[in-house]
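# Residue-level structure breakdown
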Amino acid sequence: MHIAVVGSGYVGLVAGACFADLGHDVILVDNDERKLAALKDGQVPIHENFLPELLNRHRGHRLEFSADLQEAVRASSAIFIAVGTPPTDRGDADLSYVESVAREITGAINGYKVIVEKSTVPVYTSEWIRRIILRNGADPESFDVASNPEFLREGTAVTDFLFPDRILIGCNHPRCCAVVREIYLPLTSGSYYQRTDAIPQPDRATIPPPIIVTSTKSAELIKHASNAFLAMKISFINAVATICESVGADVTQVCHGIGTDTRIGPRFLNPGIGYGGSCFPKDVMAFRAVARECGYDFRLLDEVTRINEDQRERFLRKVRSALWTLRGKHLGVLGLAFKGGTDDIRESPAILIVQALLQEGCKITAYDPAAMERTQEIMASGLKFANSAYEAAHGADALLILTEWEEFANLDLHRLQQELKYPILIDGRNLYDPEVMAAHGFTYYSVGRSASHPDGVPAALKAELKQAALKNGANKA
Ligand code: UGA
């Protein structure tokens, strides 16, 4: 099928590349000429596994880049809108980009078109798109509007797109639904997964993915409610972690105990410094605003946001209590991205913590496997960058872990301990076992677990670890 994808941001770019991989002819439209030139030139603007392969595979064949929206609409049967919906000052989503795309589409309708809303938008957006297109003179029989929210996560975007938990289609007309179903047929029929050049299957994939068909309003609500629920799960466990800390319980054990209830499940129960990124903070606020508009005071969502913000403040208090005064202290920081596996620093709790510590007069040397370049673009002077975790730790008064990169969970603890001026590690992502850290000579603070100290380690554990280290010739945890 001929498909236009409007907006080459995270969702648009990944969707466009994946649709091409499913066998469709795709035109990716953007009004940023520099971005288009870079994409045509083979550059990949985001750090995402398998995306460079897919772009290389299809660029110039099944995947074209263009600034001409109307031309792309004329050439396509389905037009996906994947433009940004940034928050306004009031917390609701700014839909002006969506509206202007809808207006522009109208003038290029030259046969039956399905317009598919892919960005995360509030309920009623599909209805508004329809209304705007009609208002601008389109024949009501010449188009339909569907909602097809995207559930991909950054860092695993391509795999999430091609191996989704479910494909959600919101449409109010069978002919429109048939078009969107056809686009995803290689996934829902399972034929894509039999191809030798298919992107490798991740753990836990549901093959073939189920398709869920709803009204457009339900689909729009499903996306907002899903993100709000996931954010609530994180805030809930962060609140439980706070209680664990004050009573001396261990949040890891508590999570295991809660998560084994199949109705709750173990995933998304990792306490830490709070959620960030371009979706959860914005979507929780936008859903809150939708509820307000509908006359429902969804205060639970205020609390989700409040707990999330408190979590950063709580972490800062932990740093202060570990180091006493902060002015002039030298800190090593591991992680700047809002989560592991991405170079995205939008609403990153790690960046917010680094900014607060710099303001308090700390000197910081940071390392992140992917996000240092982006950080450099937005951070004023005062922050130094290192080439490795060990370089960041070198000579520091303490080391902070702020992003859950896998690399940070597998450090050579003996080497790390040697690099630090004082062996103090404050872990905002619970990547290590407190007893193991203490046995390696660290004073170790984490979230929802008691601090551990080298003097508190049982002699038997110390001997066991020493033995293991000698045997392996390494001191990894
Ligand atoms: C999120 C959703 O997971 C996707 O399903 C959705 O499609 C996407 O938003 C979107 O609306 O576009 P993403 O923002 O990429 O995806 O990141 P997540 O993996 O959900 O993580 C969000 C934040 O929560 C990160 O800061 C992460 O560190 C934090 N987190 C996650 C925790 O603190 N604890 C957890 O247990 C899980």
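Residues numbered from 1 in each chain as written. Predicted model: local features only at pLDDT ≥ 70, side-chain atom pairs only at ≥ 80, totals over all residues. Heavy atoms only, no water.

## Notes on the overall build of the chain
This is how it is decided: Each helix is a run of DSSP H or I of at least 4 residues and each strand a run of E of at least 2, with the numbering of both proceeding from the N terminus. Every radius of gyration here is taken over C-alpha atoms, with the globule rule written as 2.2 Å times N^0.38, N being the number of residues. Burial status follows relative accessibility: with a 1.4 Å probe on protein chains alone, a residue under 20% of its type maximum counts as buried, one over 50% as exposed, and anything between as partly exposed. Contacts were defined at the residue level, with two residues in contact if any of their heavy atoms lie within 4.5 Å. Per-residue and other accessible areas were derived by the Shrake-Rupley procedure at a 1.4 Å probe size, with only the shown protein chains allowed to occlude residues.
Helices and strands together make up the secondary structure of the chain, namely 19 helices and 14 strands. Relative to the 2.2 N^0.38 estimate, which gives 23 Å for 477 residues, the radius of gyration of the chain is 25 Å and therefore close to what a compact globule would have. Its C-alpha atoms give the chain principal-axis dimensions of about 80 × 50 × 45 Å. Looking at the chain as a whole, 52% of its 477 residues are labelled buried. In the chain, once contacts between residues fewer than 6 apart in sequence are set aside, the share between residues at least 24 apart is 71%. Surface summary for the chain: the accessible area is close to 21,700 Å², and the carbon and sulfur share equals 51%.

## What to know about the layout of surface pockets
A probe as big as a water molecule, rolled over the atoms, marks out the empty space that is left. What counts is decided by this rule: Any residue with an atom within 4 Å of a point lines the site, the site being either a cavity, points on a 1 Å grid over the protein atoms alone where a 1.4 Å probe fits but cannot get out, or a pocket, an open set with protein on both sides within 12 Å along at least 5 of 7 lines. Grid points are joined across faces, edges and corners, and a volume is the space filled by probe spheres set on the points. As a working rule, the residues Ala, Val, Leu, Ile, Met, Phe, Trp, Tyr, Cys and Pro are called nonpolar, Asp, Glu, Lys and Arg charged, and the rest polar, with Gly in that last group.
If you add up the space inside the second largest pocket, you get close to 550 Å³. For the second largest pocket, the lining is made up of 20 residues, of which Leu95, Pro122, Val123, Trp128 and Glu293 are closest to its centre. Within the residue set of the lining of the second largest pocket, elements represented by two or more residues are helix H5 (96-106), helix H6 (125-135) and helix H12 (280-293). Per-element accounting of the lining of the second largest pocket gives the leading share, 5 residues, to H12. Partitioning the lining of the second largest pocket into residue classes produces 13 nonpolar, 2 polar and 5 charged.

## Focus on the site of the ligand
As a reminder, the rule being used: The cutoff for a nearby residue is simple: one of its non-hydrogen atoms must lie within 4 Å of the molecule or strand. Any N or O atom pair separated by 3.5 Å or less is treated as a polar contact, with the protein-specific requirement of one donor-capable and one acceptor-capable atom, and with residues adjacent in sequence counted only for side-chain atom pairs.
As a matter of local geometry, the ligand sits amid 20 residues, with Leu152, Glu154, Lys223, Asn227 and Glu404 nearest to it. Glycine 276 places a main-chain nitrogen or oxygen 3.0 Å from an oxygen atom of the ligand. Taking 720 Å² as the accessible area of the ligand by itself, protein coverage stands at 93%. The set of elements that each furnish at least two residues to the shell around the ligand consists of helix H10 (216-247) and H12. Residue contributions to the shell around the ligand peak at 3 residues, all from H10. A class-by-class count of the residues in the shell around the ligand yields 9 nonpolar, 3 polar and 8 charged.

## Topic: the environment of isoleucine 424
Structurally, isoleucine 424 is set in strand S13 (residues 424-427). Under the relative-accessibility criterion, isoleucine 424 is labelled buried at 13%. In contact with isoleucine 424, other than residues within four places in its own chain, are Ala322, Leu323, Asp397, Ala398, Leu399, Phe442, Thr443 and Tyr445.

## Considerations on the environment of proline 174
Within the secondary structure layout, proline 174 lies in helix H8 (residues 174-188). As a C-alpha pair, proline 174 and glutamate 377 span 203 residues in sequence and 48 Å in three-dimensional space.

## Focus on the sheet that holds strand S9 (residues 330-334)
For the record, the criterion: For two strands to pair, DSSP has to find at least two bridges joining them. Angles here are taken between N-to-C directions and fall from 0 to 180 degrees, while the axes themselves are lines fitted to C-alpha atoms, restricted in helices to the stretch in contact.
With parallel pairing, 6 strands are arranged side by side in an open sheet as S11-S10-S9-S12-S13-S14. Lying at the two open borders of the sheet, with one neighbouring strand each, are strand S11 (383-385) and strand S14 (443-445). Between one strand and the next, the sheet's axes are offset by a mean angle of 20°, whatever the strand orientation. Bridge count between S13 and S14: 3 bridges; the pairing is parallel. Residue isoleucine 424 lies in a different strand from S14, and its bridge partner there is threonine 443. Of the strands in this sheet, S9, strand S12 (398-401), S13 and S14 touch helix H13 (residues 299-323), which is tilted by about 170° from S13. Lying on the sheet, helix H14 (residues 349-359) is in contact with S9, strand S10 (363-367), S11 and S12; it crosses S10 at an angle near 160°.

## What to know about H12
Formally: One less than the number of residues in a helix, times 1.5 Å, gives the span that helix is expected to have.
With 14 residues, H12 ought to run about 20 Å at 1.5 Å a step, and its terminal C-alpha atoms sit 20 Å apart, in line with that. Within H12, 11 of the 14 residues are buried, which leaves it mostly tucked inside the rest of the structure. Contact partners of the buried residues in H12: H10 and H13. Phi turns positive one or two residues past the end of H12, at glycine 295, with a value near 90°.

## Notes on the pairing of S13
Here is the rule we go by: When the strands point away from the viewer, a crossover counts as right-handed if the path from the first strand over the helix to the second runs clockwise.
Side chains of S13 alternate between two faces, with Ile424 and Ile426 and Leu425 and Asp427 buried alike. Of the pairings in the sheet, the one linking S12 to S13 comprises 3 bridges and is parallel in character. By the bridge assignment, leucine 400 is partnered in S13 with isoleucine 426. Where the polypeptide runs from S12 across helix H17 (residues 413-419) and back to S13, its parallel neighbour, the crossover connection is right-handed.

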